[in-house]
Amino acid sequence: MNCVICKDKILVENNGWWSGYNAEPIADGRCCLACDETIVIEARLINMAYTLDEAHDISTQLRGMKNG
C-alpha cells in the first residue's frame, strides 16, 4: 500500500500494524507515519482553530513524546 500524500510505500510498524493512517483532511485514503506526523496532524490542529505556529509546535511535541 502506498501513501496517498507522498506516494511512498507504507511500512509495517513494529506492532504489526500495516494499514497506515487516515489521511483526512489532506486526502482520502491512507498515509504513511511521516506524512501523518508532519502534515495530517498539523492540518487537523489548524481545523480546530490553532494557528499554524501552534499546530507546528504541538505536532513537534507529540513526535518528541512518541520518540522518547
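Relevant structure appears above.
All of these numbers come straight from a predicted model, not from anything done at the bench.

A count of helices and strands for the chain gives two helices and two strands. Sequence-ordered secondary structure for the chain, helices as α and strands as β, is β-β-α-α. For 68 residues, the compact-globule estimate of 2.2 N^0.38 gives 11 Å, and the C-alpha radius of gyration of the chain, at 12 Å, lies within 12% of that figure. C-alpha atoms of the chain, sized along the principal axes, occupy 30 × 30 × 15 Å. Every one of the 68 residues in the chain was classed for burial, and the buried ones make up 25%. When contacts within the chain are restricted to residue pairs at least 6 apart in sequence, long-range pairs at least 24 apart make up 24% of them. As presented, the chain carries roughly 4,700 Å² of accessible surface, and 56% of it is formed by carbon and sulfur atoms. If the 6 positive side-chain charges of the chain are averaged to one point and the 10 negative ones to another, these points end up 9 Å apart.

Looking now at the side chain of Glu37. With respect to the secondary-structure elements, Glu37 resides in helix α1 (residues 33–47). Looking at Glu37, the relative accessible area reads 13%, which means it is buried. Those residues within four positions of Glu37 in sequence are excluded, and the remaining contacts are Ser59, Arg63 and Lys66.

Thresholds applied
- Residues numbered from 1 in each chain as written.
- Predicted model: local features only at pLDDT ≥ 70, side-chain atom pairs only at ≥ 80, totals over all residues.
- Heavy atoms only, no water.
- Helix = DSSP H or I, 4+ residues; strand = E, 2+ residues; numbered from the N terminus.
- Rg over C-alpha atoms; globule rule 2.2 N^0.38 Å.
- Buried < 20%, exposed > 50% of the residue type's maximum accessible area, 1.4 Å probe, protein only.
- Contact = heavy atoms within 4.5 Å.
- Areas by Shrake-Rupley, 256 points an atom, 1.4 Å probe, with all protein chains shown as cover.
- Lys, Arg positive; Asp, Glu negative; His and termini not counted.
- Charge placed at Lys NZ, Arg CZ, Asp CG, Glu CD.

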